[in-house]
Amino acid sequence: MKRVLLFIIGISAALWAREAEYLRNLPFEMPAIKQTSFPERDFNILDFGATGDGHTLNTRAINRAMEAAARAGGGRVVIPRGIWLTGPIRLKSNINLHLEAGALVLFSSDLKEYEIIETVWEGRPQKRFISPLYGKDLENIAITGKGVFDGSGDKWRPVLKWEMTAGQWQALVQRGGTVTRQWGTDVWWPSQQAARGAETVKALDKREASLEEYRKAGEYLRPVLLSLVNCRRVLLDGPTFQNSPAWNIHPRECEDVIIRNITVRNPWYSTNGDGLDIESSKNVLVHSSTFDVGDDAICLKSGRDAYGRALGKPSENIVIANCTVYNGHGGFVIGSEMSGGVRNVLVRDCLFIGTDLGLRFKSARGRGGVVENIYIRDILMKDIHTDAIRFNTFYRGVSPKESFGRADYKKQTPAPVTEETPLFRNIYMENIVCSGAGRAAFIQGLPEQAVRGIEIKNLRVSADQGITVVNTDGLKFIDSSLDIPQGETVYIVNSRDIAFVANHPPAGALRVWLAGPKTGAVLFKGYDPREITESLRLDNDVPNRPRIER
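Criteria and cut-off values
- Residues numbered from 1 in each chain as written.
- Predicted model: local features only at pLDDT ≥ 70, side-chain atom pairs only at ≥ 80, totals over all residues.
- Heavy atoms only, no water.
- Phe/Tyr/Trp six-rings, centres within 6.5 Å; stacked < 30°, edge-to-face > 60°.
- Helix = DSSP H or I, 4+ residues; strand = E, 2+ residues; numbered from the N terminus.
- Buried < 20%, exposed > 50% of the residue type's maximum accessible area, 1.4 Å probe, protein only.
- Salt bridge = Lys/Arg side-chain N within 4 Å of Asp/Glu carboxyl O.
- Pairing = 2+ DSSP bridges.
- Contact = heavy atoms within 4.5 Å.
- Axes fitted to C-alpha atoms, helices over the stretch in contact; angles between N-to-C directions.
- 1 Å grid on protein atoms, 1.4 Å probe; cavity = no way out; pocket = protein on both sides within 12 Å on 5 of 7 lines; lining within 4 Å.
- Points joined across faces, edges and corners; volume = space filled by probe spheres on them.
- Nonpolar A, V, L, I, M, F, W, Y, C, P; charged D, E, K, R; others polar.
- Polar contact = N/O pair within 3.5 Å; in protein donor to acceptor, adjacent residues only side chain to side chain.
- Expected span 1.5 Å × (residues − 1).

Asks: Break down the packing of aromatic side chains for me, citing the residues and quoting the values.
Replies: This model, assessed by the stated rule, comprises 19 aromatic pairs. Centroid distance Phe-332 to Phe-361: 6.4 Å. Interplanar angle 75 degrees. Geometry classified as edge-to-face. Taken together, the residues Phe-332 in strand S28 (residues 330-334) and Phe-361 in strand S30 (residues 359-362) connect sequence positions 29 residues apart. With relative accessibility at 0%, the residue Phe-361 sits in the buried group. Counting every residue linked through ring pairs, the aromatic cluster contains Phe-332, Phe-361, Phe-391 and Phe-424.

Structural data, given as structure tokens:
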């Protein structure tokens with residue numbers, strides 16, 4: 001036993017030494033992340049009456065094991081190989097919930113198993129069903145092992161017809177439920193209660209109803225799979241989290257969080273099927289994990305609109321490294337709920353394959369908040385359906401594919417700048433490679449508040465369309481290679497202090513279109529002046545020609 005313990009300690013020390021490499025030489029100050037540690041005591045759920053046959057409900061047995069471990073001062077609650085049907089599991093301080101290889105925790109879709117609680121959803125306080133995995137105000141917690149958590153999300157989620165093939169849609173409708181027409185398509189709901197859920201909640205909110213009355217909204221109040229609220233010293237290491245009713249993993253107002261070696265899966269059609277949403281949390285390391293989901297994959301948030309601004313807790317001091325993303329509305333995403341701010345973030349050495357978007361920054365009027373000091377480097381992307389890079393402070397809550405295309409950007413009318421006006425600034429990208437995208441980059445600020453201070457160095461991208469820049473101040477592309485087969489390579493509208501600099505012989509000619517009366521101080525340096533001049537298109541309202549230097 002002593003040798004085994006020393007071996008485990010040796011592995012932990014080696015692992016932490018490797019993780020420390022991710023936190024060295026950061027471009028911002030970040031304190032050391034405090035680690036979890038647990039007593040060497042095991043509490044096997046079999047000893048508390050659990051049965052892993054996929055049919056017996058184990059809610060009481062699993063939670064009794066959690067309570068016994070808590071009374072003993074902590075330890076490891078072990079779920080062995082088997083199929084364990086259960087209701088919500090309440091996490092507790094000083095406990096490592098450990099899934100052995102071959103363990104499948106299957107969460108019940110019976111709404112009677114879930115209480116209604118006060119929580120936050122999409123950045124605002126709401127009443128919803130408690131999460132299948134739930135922890136609040138905890139210290140020193142972990143979820144580890146090689147098992148699988150399945151949230152039975154297909155029994156909770158609405159499904160949009162346009163996300164499915166004809167055969168898939170027919171099979172879904174034949175399961176039961178109900179179909180409505182909204183969001184420009186047919187929508188399947190698991191019940192009439194869920195289909196009317198928005199109206200029901202609105203009426204209940206108006207008369208300040210009791211929590212239990214919100215059950216009338218049915219599956220509309222679907223929870224995230226794992227909700228951690230105001231927790232300190234958190235470790236997720238190893239398991240698969242899949243098939244969530246809504247978002248998969250949601251640490252909110254947490255501190256000292258390490259997430260590693262996990263797999264996160266949701267069907268590509270899963271509405272709000274995000275992978276990891278880190279909200280108003282700080283001192284976080286995410287690495288060596290895989291995401292294949294139905295919405296944003298790895299996302300940073302900090303509350304929405306007035307609530308987020310009043311809370312005033314940014315997501316900060318975050319490192320994301322060595323992660324792979326397949327399906328998803330974005331590989332790495334900030335927003336759109338970022339009203340408390342996001343700052344001091346490093347994303348490095350990630351691979352995005354077939355995502356709708358690669359690097360995605362989104363916000364809207366009403367949010368407020370500042371996103372700043374974001375560093376992204378050594379990102380590989382392949383077959384991105386829309387934009388390899390997108391900044392959009394005109395976000396309107398639609399999917400990337402729905403919002404892809406060109407608008408008449410000069411018709412945008414400025415609004416007053418207030419605390420509700422969001423701002424993205426001081427964002428640095430380096431060594432970004434994308435093989436195949438719908439568009440190389442789309443950068444759009446508000447007409448009253450430009451996106452500011454973006455530097456993109458060594459971008460290598462092949463795409464159907466080039467770079468579109470709207471309402472942006474202080475944008476610099478350095479040593480970028482753009483393989484755009486036709487149309488303009490660079491389209492700039494109402495933007496200032498824009499520079500394309502080639503310190504080495506550039507790969508590919510630049511075909512430039514400038515538009516808008518606010519466009520000025522545009523520089524092309526290191527490119528062939530004749531090529532740019534011959535292809536240059538200037539709208540009549542552009543006050544000055546760009547500078548072109550060898």
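Asks: For unusual backbone geometry, give the residues involved together with the corresponding values.
Replies: The peptide bond linking Gly-335 to Ser-336 adopts the cis configuration, its omega dihedral lying at -5 degrees. If you trace the backbone, Ser-336 turns up in the loop between S28 and strand S29 (342-353). In this structure, Trp-183 takes a positive phi of about 55 degrees despite not being glycine. Examined against the element boundaries, Trp-183 turns out to sit in the loop between strand S14 (178-182) and strand S15 (185-189). The phi dihedral of Asp-256 falls on the positive side, at around 60 degrees, and the residue is not glycine. Looking at the element boundaries, Asp-256 is found in strand S20 (residues 255-260). On the basis of relative accessibility, which here comes to 4%, the residue Asp-256 falls in the buried class.

Asks: Any details on the pattern of salt bridges? Residues and values, ideally.
Replies: As enumerated under the stated definition, the model contains 35 salt bridges in all. A salt bridge links Glu-420 to Arg-309, with the shortest nitrogen-to-oxygen separation between them at 4.0 Å. Here Arg-309 lies in helix H6 (residues 305-311) and Glu-420 lies in the loop between helix H7 (400-403) and strand S32 (423-444), a separation of 111 residues in the sequence. Within this structure, Arg-124, Arg-304, Asp-305 and Arg-367 form a network of salt bridges that share partners.

Asks: Can you tell me about the sheet that holds S14, naming the residues and giving the values?
Replies: Strand order across the open sheet formed by three strands is S13-S15-S14, with antiparallel pairing between neighbours. Two strands lie at the open edges of the sheet, namely strand S13 (159-160) and S14, each paired on one side alone. Of the pairings in the sheet, the one linking S13 to S15 comprises two bridges and is antiparallel in character. Note on S15: the bridge partner recorded for Leu-160 is Val-187. The strands touched by helix H3 (residues 166-174) within the sheet are S13, S14 and S15, with S15 carrying the most contacts at an inclination of about 40 degrees.

Asks: Could you give an account of empty space enclosed by the protein, naming the residues involved and the relevant values?
Replies: Tallied over the entire structure, the rule returns three cavities of 30 Å³ or more. One number sums up the size of the largest cavity: a volume of about 110 Å³. Secondary structure elements with two or more residues in the lining of the largest cavity: strand S8 (116-121), strand S9 (124-129) and strand S19 (249-252). Per-element tally for the lining of the largest cavity: the top contributor is S8, with four residues. Among the residues forming the lining of the largest cavity, the class breakdown is eight nonpolar, four polar and two charged.

Asks: With reference to specific residues and values, describe the side chain of Lys-362.
Replies: Take Lys-362: it is sitting in strand S30. On the accessibility criterion, Lys-362 (5% relative accessible area) is buried. Polar contacts involving the side chain of Lys-362 include one to the side chain of Asp-296, which spans 2.7 Å. Other than its neighbours up to four places away in sequence, Lys-362 contacts Asp-296, Val-333, Ile-334, Gly-335, Ser-336, Met-338, Asn-392, Tyr-395 and Phe-424.

Asks: Let's hear about helix H2 (residues 59-71): which residues, and what values?
Replies: Between its first and last C-alpha atoms H2 spans 18 Å; for 13 residues at 1.5 Å apiece the expected length is 18 Å, and the two agree. Those residues of H2 that are buried are in contact with strand S1 (42-44), strand S2 (53-57), strand S3 (75-79), strand S4 (82-86), strand S5 (89-90) and strand S6 (95-99).

Asks: Which residues make up the pairing of strand S34 (residues 465-470), and what are the values?
Replies: Among the six residues in S34, five count as buried, and that is most of the element. Sheet analysis places S32 next to S34, joined by five bridges and oriented parallel. Counterpart to Phe-442 in the pairing with S34 is Thr-468. Examined bridge by bridge, S34 and strand S37 (residues 490-493) share four bridges and lie parallel to one another. Each residue of the ladder has a partner; that of Thr-468, found in S37, is Tyr-491.

Treat this as a map of the structure, not an account of what it does.
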